[in-house]
Amino acid sequence: MNAVARQEAQGVSLWHAVSRNHRQRPALQGELVVDLAIVGGGFSGLSTALHAAGKGLSVAILEAEFIAWGATGRNAGFVVPNFAKMDPENILAHLGPERGKRLINFAAGSADLVFGLIRQHGIDCDAVQSGWIQPAHSPAALEKVKSRAEQWARRGRPAITLDRQDVEALTGARGYLGGWMDHSGGVLNPVAYARGLADAAEKSGARIFERTPVTSIERAADGWALKTPSGSVRAGKVLIATNAYGAALNPLLQRTYFPLKVFQIATEPLPREIRTFLLPGGQGVGDTRRNLFTFRFDADNRLISGGMHILSAGADTRVPQTIWRRLARHLDLPHLPPLAYSWSGMAAVEPDFLPHLLDLGPGLIAGRACNGRGIAMTTAMGKVLADWAAGADARDLPLPFALPAPIPFHAVLRHAPNMLLGWSMLRDRMDERG
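Attention here is on the structure that accompanies the text. (Residues numbered from 1 in each chain as written. Predicted model: local features only at pLDDT ≥ 70, side-chain atom pairs only at ≥ 80, totals over all residues. Heavy atoms only, no water.)

**Description of the overall build of the protein**
Phase 1 of the analysis: Counting its secondary structure elements, the protein contains 15 helices and 19 strands.
Phase 2 of the analysis: For 434 residues, the compact-globule estimate of 2.2 N^0.38 gives 22 Å, and the protein sits close to it at 21 Å.
Phase 3 of the analysis: Expressed as lengths along the three principal axes of its C-alpha atoms, the size of the protein is roughly 65 × 55 × 45 Å.
Phase 4 of the analysis: Looking at the protein residue by residue over its 434 residues, the buried ones come to 57%.
Phase 5 of the analysis: Taking contacts inside the protein between residues at least 6 apart in sequence as the whole, the part at least 24 apart equals 76%.
Phase 6 of the analysis: Within the structure as shown, the protein displays about 17,700 Å² of accessible surface, and the carbon and sulfur contribution to it stands at 54%.
Phase 7 of the analysis: Of the side-chain charges in the protein, 47 are positive and 38 negative, and the distance between the mean point of each set is 2 Å. (Helix = DSSP H or I, 4+ residues; strand = E, 2+ residues; numbered from the N terminus. Rg over C-alpha atoms; globule rule 2.2 N^0.38 Å. Buried < 20%, exposed > 50% of the residue type's maximum accessible area, 1.4 Å probe, protein only. Contact = heavy atoms within 4.5 Å. Areas by Shrake-Rupley, 256 points an atom, 1.4 Å probe, with all protein chains shown as cover. Lys, Arg positive; Asp, Glu negative; His and termini not counted. Charge placed at Lys NZ, Arg CZ, Asp CG, Glu CD.)

Take a look at the structure:
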């Protein structure tokens, strides 16, 4: 069975196929009154529900499909406690010293929060907190990551710089000039983690409904009224936690981010002895190329990597093979096992690559915190959104909070990440040649 056929036979992604902790939840029937209604059963919604229920609030999650159906179940399972593009000094310059420091601290502890919740609730998700590594592909990138590591280390984070030999010893990949590592990062099975969060949230009192799309959200005298095909919810506050999957519910939100389709692959398992030199410590790796190269192993020794497409026609078949060939080439694995799984998902990329809370009305918020850092950032976002649900002013939370700001010419610019990929690949090659 080829990778595409296996994906269709066993679920949305590798993680859905191999995760053991699955149980179905009912659709909403009838009327329900809660303190907080959450639209979307991904990391941000589940974390918010868990933490809000822990504060004694009544909470309902309304998921249109099933838990971890969207980007939560379609990523590569990296837990990365920093920002995709901005470093602490950039954050301070962008947001100012007070708000910048709060956002930096928010991100700094995000991976520790993830792995702490896993330990606290006994979530079986193949979690390995052995670090996240970013190798540098060029001299300019090396100087940048050295500065990045120093900035995080200065703020008490377990960040270290790596020389060429360090990178090769830790990753098994040759050709990098050096890099850095945050020891608090790691990898996990994202679907098993999300399902564990769902179980923990329900044990704390939250209610979760699957196959329950929200068809409308309207202002009510005592909060908000949400309608579904077979029920309704009255809630004092509402969180829209659909990320790049909620365009039909609020078209305005769709115009405030760049949708980015990301492909992931997993090979057949590699021989165990290969781990003596290839990622022996089990870290996750994402390098400094504009056309990002990532790799990690799962618990069954499958090698996982990802990538994007320039042209959408035929991409579902073409791109996974391209990623597989790139993986074999960059890791010098001429006998790389064939593809076992391939899948894709939509990420929401903010223009400034930072997490954001969007003000949609009194007691109505949309939260986005991905930008390639979804597992850590959305889990942390859920914790602070629980404070908002319990009465904190959203303006006092560590995340930027503002009215939605549609991107000018969004209908055209939404395609920019894919249209510019070819140019990015060329620039990567030019960088490597010096």
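**Things to note about the packing of aromatic side chains**
Phase 1 of the analysis: Taken as a whole and judged by the stated rule, the model has 6 aromatic pairs.
Phase 2 of the analysis: Judged by centre distance (5.5 Å) and plane angle (35 degrees), the rings of F293 and F295 are tilted. With respect to burial, F293 and F295 carry one shared label: buried.
Phase 3 of the analysis: The residue whose ring lies beneath K85 is F353, and the NZ or CZ to ring-centre distance is 5.5 Å. (Phe/Tyr/Trp six-rings, centres within 6.5 Å; stacked < 30°, edge-to-face > 60°. Lys NZ or Arg CZ within 6 Å of the ring centre and 35° of its normal.)

**Remarks on the sheet that holds strand β13 (residues 284-286)**
Within a beta sheet, neighbouring strands are joined by backbone hydrogen bonds and run either parallel or antiparallel to one another.
Phase 1 of the analysis: The strand order across the open sheet formed by 8 strands is β5-β6-β4-β13-β14-β15-β12-β16, and the pairing between neighbours is mixed. The open sheet has two free edges, formed respectively by β5 (159-163) and β16 (339-349), since each of these has just one partner strand. On average, each strand axis in the sheet is inclined to that of its neighbour by 20 degrees, with strand direction left out of account.
Phase 2 of the analysis: Of the strands in this sheet, β4 (132-136), β5 and β6 (178-182) are in contact with helix α7 (residues 139-154), which crosses β6 at around 25 degrees. (Pairing = 2+ DSSP bridges. Axes fitted to C-alpha atoms, helices over the stretch in contact; angles between N-to-C directions.)

**Some thoughts on the nonpolar core**
Phase 1 of the analysis: In terms of nonpolar packing, the biggest core is built from 79 residues, with V59, F106 and Y193 touching the most fellow members.
Phase 2 of the analysis: Tallying contributions element by element places helix α12 (residues 374-389) first for this core, with 10 residues.
Phase 3 of the analysis: Discounting chain neighbours no more than four positions away, the residues touching F106 are P355, M377, A380, M381, V384, P398 and L399.
Phase 4 of the analysis: Counting residues in hydrophobic clusters, the runner-up holds 26 residues, among them I274, F293, F295 and L333. (Core = buried A, V, L, I, M, F, W, Y, C linked by side-chain atoms within 4.5 Å.)

**A word on the environment of N21**
Phase 1 of the analysis: Considering the arrangement of structural elements, one finds N21 in the loop between α2 (14-18) and β1 (30-39).
Phase 2 of the analysis: Residue N21 is classed as partly exposed on the basis of its relative accessible area, which comes to 24%.
Phase 3 of the analysis: Taking the C-alpha atoms as reference, N21 lies 7.9 Å from D124; in sequence the two are 103 residues apart.
Phase 4 of the analysis: Apart from the residues within four sequence positions on either side, N21 is in contact with D124, A192, R195 and G196.
Phase 5 of the analysis: From its side chain, N21 meets the backbone oxygen of A192 in a polar contact 3.0 Å long. (Polar contact = N/O pair within 3.5 Å; in protein donor to acceptor, adjacent residues only side chain to side chain.)

**Focus: α12**
Phase 1 of the analysis: With 16 residues, α12 ought to run about 22 Å at 1.5 Å a step, and its terminal C-alpha atoms sit 21 Å apart, in line with that.
Phase 2 of the analysis: Counting buried residues along α12, 14 of its 16 residues qualify, which places the element largely inside the surrounding structure. (Expected span 1.5 Å × (residues − 1).)

**Here we look at the pattern of salt bridges**
Phase 1 of the analysis: Enumeration according to the criterion identifies 23 salt bridges in this entry.
Phase 2 of the analysis: Measuring nitrogen to oxygen at the nearest pair gives 2.2 Å for the salt bridge that ties E202 to R23. Pair noted here: E202 is in helix α9 (residues 190-203) and R23 is in the loop between α2 and β1, with a separation of 179 residues, a long-range link.
Phase 3 of the analysis: Taking relative accessible area as the criterion, E202 reaches 21% and is therefore assigned partly exposed.
Phase 4 of the analysis: Given a relative accessible area of 41%, R23 falls into the partly exposed group.
Phase 5 of the analysis: The residue R211 makes a salt bridge to E65 at a minimum N-O spacing of 2.9 Å. With a gap of 146 residues between them, R211 in the loop between β8 (207-209) and β9 (216-220) and E65 in the loop between β2 (59-62) and β3 (78-79) connect regions that are remote in the sequence.
Phase 6 of the analysis: Given a relative accessible area of 26%, E65 falls into the partly exposed group. (Salt bridge = Lys/Arg side-chain N within 4 Å of Asp/Glu carboxyl O.)

**Topic: the pairing of strand β14 (residues 294-297)**
Phase 1 of the analysis: Covered by surrounding structure in β14 are T294 and R296 together with F295 and F297, the residues of both alternating faces.
Phase 2 of the analysis: With 2 bridges joining them, β13 and β14 adopt antiparallel strand pairing. Directly across from V285, in β14, lies its bridge partner F295.
Phase 3 of the analysis: Looking at chain direction, β14 and strand β15 (residues 303-307) are connected through 2 bridges and run antiparallel. Directly across from R296, in β15, lies its bridge partner I304.
Phase 4 of the analysis: Here β14 folds back onto β15 in antiparallel fashion, the turn holding 5 residues, of which N301 has a positive phi close to 70 degrees.

**Brief notes about the side chain of D182**
Phase 1 of the analysis: Mapping D182 onto the fold places it in strand β6.
Phase 2 of the analysis: Buried charge D182 goes without a salt bridge, the closest partner of opposite sign being R157 at 4.8 Å.

**As for unusual backbone geometry**
Phase 1 of the analysis: Even without glycine at this site, D126 takes up a positive phi of about 55 degrees.
Phase 2 of the analysis: Tracing the backbone shows D126 in the loop between α6 (110-121) and β4.
Phase 3 of the analysis: Phi at R211 is positive, roughly 50 degrees, even though this residue is not glycine.

**Some details on the side chain of R326**
Phase 1 of the analysis: Within the element layout of this structure, R326 appears in helix α11 (residues 315-330).
Phase 2 of the analysis: Of the residues examined, R326 reaches a relative accessible area of 11% and is grouped as buried.
Phase 3 of the analysis: Of the polar contacts made by the side chain of R326, one reaches the backbone oxygen of L292; its length is 3.0 Å.
Phase 4 of the analysis: Setting aside its immediate chain neighbours within four residues, R326 contacts R289, N291, L292 and F293.

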